[in-house]
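# Examining the three-dimensional arrangement
Read off the chains here:
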Amino acid sequence: MSARQITSLTNPTVKAVRALHMRKEREESGLFLAEGLKLVIEAIDLGRIPRTLLFGTDAASHPLLRRAVDATREGGGEVIEVSRDILEKVSRRDNPQAVVAVFPQVFAALEDLQPETASCWVALQSVRDPGNLGAIVRTADSAGCGGVILVGDCCDPYSVEAVRATMGSIFATPLVKASAAEFIAWRQTWPGSVVGTLLTATHGYRDAPYRAPTLILMGNEQAGLPPELAAICDVTVKIPMRGRADSLNLSVATGIMIYAVTG
């Protein structure tokens, strides 16, 4: 298939794509990197079209690549054939995917969310670890949650590490960013339960009185929910620790809560 070819590691397009590993560049450009043909096709199926599609010779004969190329070109994007060295440079991996794409970031507005469209939603306060965030987005997608709200100073859901951890769910799960003040004010309009996890809670996570739509509010990895957010919960719950560990990984705890709510 015909495509522009790039073999130089110093090419400006290669530099621009590689720069998307930096949060500052992602924020300024509104773009992000996604790796793998399967993920790119999932994005296209959901109406998300690459701005730039890079592919190596290993992918040139794959039957799905033609679909990705056609969709990119029809959407006004650029298709480029690159060397393996460039794929390694762009992905910062020794064993890179044969397809890498650049997509526009998408965030939904807090006021545009429609709580009744899903039985469960997730809000994360100041989550720090991109692997945790990506895994939570993937779990939320798997359970049919309405979306994930990022409250306060969170890590970037469009970092390469977070996108990898979502396994494609970054394209299927609505994401929202809000300050704590914005979230607290908006929460007053929530029609169902707002539930948070606290070590001091009296309810177990299995027997709490959840009322749909349920908004699960999780604190960050180190400190948990701050008092001002715990105060806006209708109910707080705890997940019992029966071994020596005194806490769970945030993504695991959030997954337990999501399936407690959704069944």
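Because the structure is a prediction, the values reported are computed rather than measured.

## Observations concerning the nonpolar core
Formed by 51 residues in total, the largest nonpolar core has its most connected members in Leu53 and Leu124. By residue number, the principal contributor to this core is helix H3 (residues 37-45), which donates six residues. With residues up to four places along the chain from it excluded, the contact list for Leu124 reads Leu133, Ile136, Val148, Ile149, Leu150, Val151, Cys154, Met218 and Thr254. By size, the runner-up hydrophobic cluster in this structure holds 19 residues, among which are Ala118, Ile149, Val151 and Ile232.

## Quick notes on helix H5 (residues 84-91)
Listing the buried residues of H5 in full gives Ile86, Leu87, Val90 and Ser91. Taken around the axis of H5, the buried residues stretch over an arc of 120°, which confines them to a single face. Where H5 terminates, the next one or two residues include Arg92, which has phi positive at roughly 60°.

## Some remarks on the pairing of strand S6 (residues 120-125)
Counting buried residues in S6 gives six out of six residues, a clear majority hidden from the surface. Because side chains alternate across S6, one face comprises the buried residues Cys120, Val122 and Leu124, and the other comprises Trp121, Ala123 and Gln125, equally buried. Examined bridge by bridge, S6 and strand S11 (residues 214-218) share five bridges and lie parallel to one another. When the bridges of S11 are listed, Cys120 appears paired with Thr214.

## Comments concerning the packing of aromatic side chains
Evaluation of the coordinates by the stated rule reveals eight aromatic pairs. Plain terms: the ring middles of Phe107 and Tyr158 are 5.3 Å apart, the flat faces sit at 90° to each other, and that makes the pair edge-to-face. In this pair, Phe107 is assigned in the loop between strand S5 (99-104) and S6 and Tyr158 in the loop between strand S7 (148-151) and helix H7 (160-166), connecting sequence segments 51 residues apart. Every member of this aromatic cluster is reached through a ring pair, and the members are Phe32, Phe103, Phe107, Tyr158 and Phe171. Seen from the ring of Phe107, Lys177 lies directly overhead, with NZ or CZ sitting 4.4 Å from the centre.

## With respect to unusual backbone geometry
Here the bond from Ala212 into Pro213 is cis, since omega is -5°, no more than 30 degrees from zero. Tracing the sequence through the fold places Pro213 in the loop between strand S10 (203-204) and S11. The phi dihedral of Arg92 is positive, around 60°, even though this residue is not glycine. Tracing the chain through its elements places Arg92 in the loop between H5 and S5. Although it is not a glycine, Ser126 sits at a positive phi angle of roughly 50°. Along the chain, Ser126 turns up in the loop between S6 and helix H6 (130-142). Classification of Ser126 by relative accessible area gives buried; the value is 9%.

Each value, and the rule that gives it
- Residues numbered from 1 in each chain as written.
- Predicted model: local features only at pLDDT ≥ 70, side-chain atom pairs only at ≥ 80, totals over all residues.
- Heavy atoms only, no water.
- Core = buried A, V, L, I, M, F, W, Y, C linked by side-chain atoms within 4.5 Å.
- Buried < 20%, exposed > 50% of the residue type's maximum accessible area, 1.4 Å probe, protein only.
- Helix = DSSP H or I, 4+ residues; strand = E, 2+ residues; numbered from the N terminus.
- Contact = heavy atoms within 4.5 Å.
- Arc of directions from axis to C-beta.
- Pairing = 2+ DSSP bridges.
- Phe/Tyr/Trp six-rings, centres within 6.5 Å; stacked < 30°, edge-to-face > 60°.
- Lys NZ or Arg CZ within 6 Å of the ring centre and 35° of its normal.

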